[in-house]
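Chains, contacts and geometry: an overview
Below, each chain spelled out in residue letters.
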Amino acid sequence: QVQLVESGGGLVQAGGSLRLSCAASGIMFSINYMGWYRQAPGKQRELVAGITSGDSTNFADSVKGRFTISRDNAKNTLYLQMNSLKPEDTAVYYCRVITRLTNYWGQGTQVTVSS
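1. Considering the overall build of the chain
Broken down by element type, the chain carries 0 helices and 11 strands. N-terminal to C-terminal, the α/β element order of the chain is β-β-β-β-β-β-β-β-β-β-β. Here the C-alpha atoms of the chain give a radius of gyration of 13 Å, agreeing with the 13 Å that 2.2 N^0.38 yields for 115 residues. For the chain, the spread of C-alpha atoms along the principal axes amounts to about 45 × 25 × 25 Å. Taking the contacts inside the chain whose residues are at least 6 apart along the sequence as the reference set, 53% of them involve residues at least 24 apart. With 11 positive and 7 negative side-chain charges, the chain shows a spacing of 3 Å between the two charge centroids.

As structure tokens, this is what we get:
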């Protein structure tokens, strides 16, 4: 039984920081890719940041220089460090895990950035 549980969201002022966590459990195959996505009201879900099994990373242009993605393999946990937050970062943030055959999504955590 696979679970991806996001945490760390909340309400912050512009310029502030948050650290999101995604705790993965029950995954029986090697993880090829882990990523963070977000969806704002009225918009499509978009990639924020991803990390491969080889630790290469990629970021959306809108968050480059502000966000950092990392993982703790021992804890099977994915992180997203978000600095210099902007109101346009407001969205529900979702964790995604891709194994050799299956794609998993978490339920999301709300991030709201006030101006």
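The rest of the description comes next.
2. So, unusual backbone geometry
For residues besides glycine, phi is generally negative; the peptide bonds are generally trans as well. The backbone of D55 shows a phi angle near 75°, a positive value even though the residue is not glycine. You can see D55 is positioned in the loop between β5 (46-52) and β6 (57-59).

3. Details of the state of the cysteines
In total, this model carries 1 disulfide according to the counting rule given. What pairs with C22 in a disulfide is C95, and their sulfur atoms sit 2.1 Å apart. Handedness of the C22-C95 disulfide follows from its S-S torsion of about -80°: it is left-handed. On the criterion of sequence distance, the pair formed by C22 in strand β3 (residues 18-25) and C95 in strand β9 (residues 91-99) is long-range, its members being 73 residues apart. The residues C22 and C95 share a single accessibility class, namely buried.

4. Quick look at the sheet that holds strand β8 (residues 77-82)
Reading across from one edge, β1-β3-β8-β7 is the order of the 4 strands in this open sheet, with antiparallel pairing throughout. The sheet is open, and its two edges are formed by β1 (3-7) and β7 (67-72), each paired on a single side. Across the sheet, the mean angle from the axis of one strand to that of its neighbour is 15°, orientation sign disregarded. In this structure, β1 lies alongside β3, joined through 5 bridges in antiparallel fashion. Directly across from Q3, in β3, lies its bridge partner S25.

5. Side note on the pairing of β7
Judged by which residues are buried, β7 turns out to be one-sided: F67, I69 and R71 face inward and are buried, whereas T68, S70 and D72, on the alternate face, are not. As paired elements, β7 and β8 share 6 bridges and run antiparallel to each other. Its bridge partner lying in β8, I69 is registered against L80.

What counts and what doesn't
- Residues numbered from 1 in each chain as written.
- Predicted model: local features only at pLDDT ≥ 70, side-chain atom pairs only at ≥ 80, totals over all residues.
- Heavy atoms only, no water.
- Helix = DSSP H or I, 4+ residues; strand = E, 2+ residues; numbered from the N terminus.
- Rg over C-alpha atoms; globule rule 2.2 N^0.38 Å.
- Contact = heavy atoms within 4.5 Å.
- Lys, Arg positive; Asp, Glu negative; His and termini not counted.
- Charge placed at Lys NZ, Arg CZ, Asp CG, Glu CD.
- Disulfide = S-S within 2.5 Å.
- Buried < 20%, exposed > 50% of the residue type's maximum accessible area, 1.4 Å probe, protein only.
- Pairing = 2+ DSSP bridges.
- Axes fitted to C-alpha atoms, helices over the stretch in contact; angles between N-to-C directions.

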